[in-house]
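# Observations on chain architecture
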Amino acid sequence: TYDVNVRQVDLTLANIRQEIPAEKFFQENPPRTSEAHRKQFAIGVQAYLDGNWAMARDQFETCLKLADFDNPSKTLLAVMEEQSFSPPPGWNGFRELTEK
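What this report covers is the structure whose coordinates are included nearby. (Residues numbered from 1 in each chain as written. Predicted model: local features only at pLDDT ≥ 70, side-chain atom pairs only at ≥ 80, totals over all residues. Heavy atoms only, no water.)

### Here we look at unusual backbone geometry
Leaving glycine out, the prevailing phi sign among residues is negative, and the prevailing peptide bond configuration is trans. Backbone geometry places serine 84, a non-glycine residue, at a positive phi of 55°. Mapped onto the fold, serine 84 is located in the segment after helix H4 (71–82). A residue is classified by how much of its surface remains accessible, and serine 84, at 61% relative accessible area, is exposed. Located in the positive-phi region is phenylalanine 85, a residue other than glycine, with phi close to 60°. Summarising the element assignment, phenylalanine 85 is placed in the segment after H4. According to the relative accessible area criterion, phenylalanine 85 is buried, its value standing at 18%. (Helix = DSSP H or I, 4+ residues; strand = E, 2+ residues; numbered from the N terminus. Buried < 20%, exposed > 50% of the residue type's maximum accessible area, 1.4 Å probe, protein only.)

Shown next, in the form of structure tokens:
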């Protein structure tokens, strides 16, 4: 499984620096996606990192059925599509970012 680690969030608001515990931040800003979606996305990310892009594709496409506004799934699908849904030779679980 893919675990998401959270930590304190450091926010700057109107030149006031304030640390907010992650738990409080997420209570005040709940996710827009369902737990089922987040589990599906985590499976997809792990499959992507592991180089199992066929499985990742299926997971991210399911994510979009659950939440069509899911831009991270759209982005990873586009990245994989550029490679015909097959990881490049020597895939090490990451890609070089060449632009912002």
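### A closer look at the nonpolar core
Val45, Ala47, Tyr48, Trp53, Ala56, Phe60, Leu76, Leu77, Val79, Met80, Phe85 and Trp91 form the largest nonpolar core, which has 12 residues in total. Of the residues forming this core, the biggest block, four residues, is contributed by H4. Not counting the four nearest positions on each side in its chain, valine 79 is found in contact with Tyr48 and Arg95. (Core = buried A, V, L, I, M, F, W, Y, C linked by side-chain atoms within 4.5 Å. Contact = heavy atoms within 4.5 Å.)

Keep in mind these values describe shape, not function.
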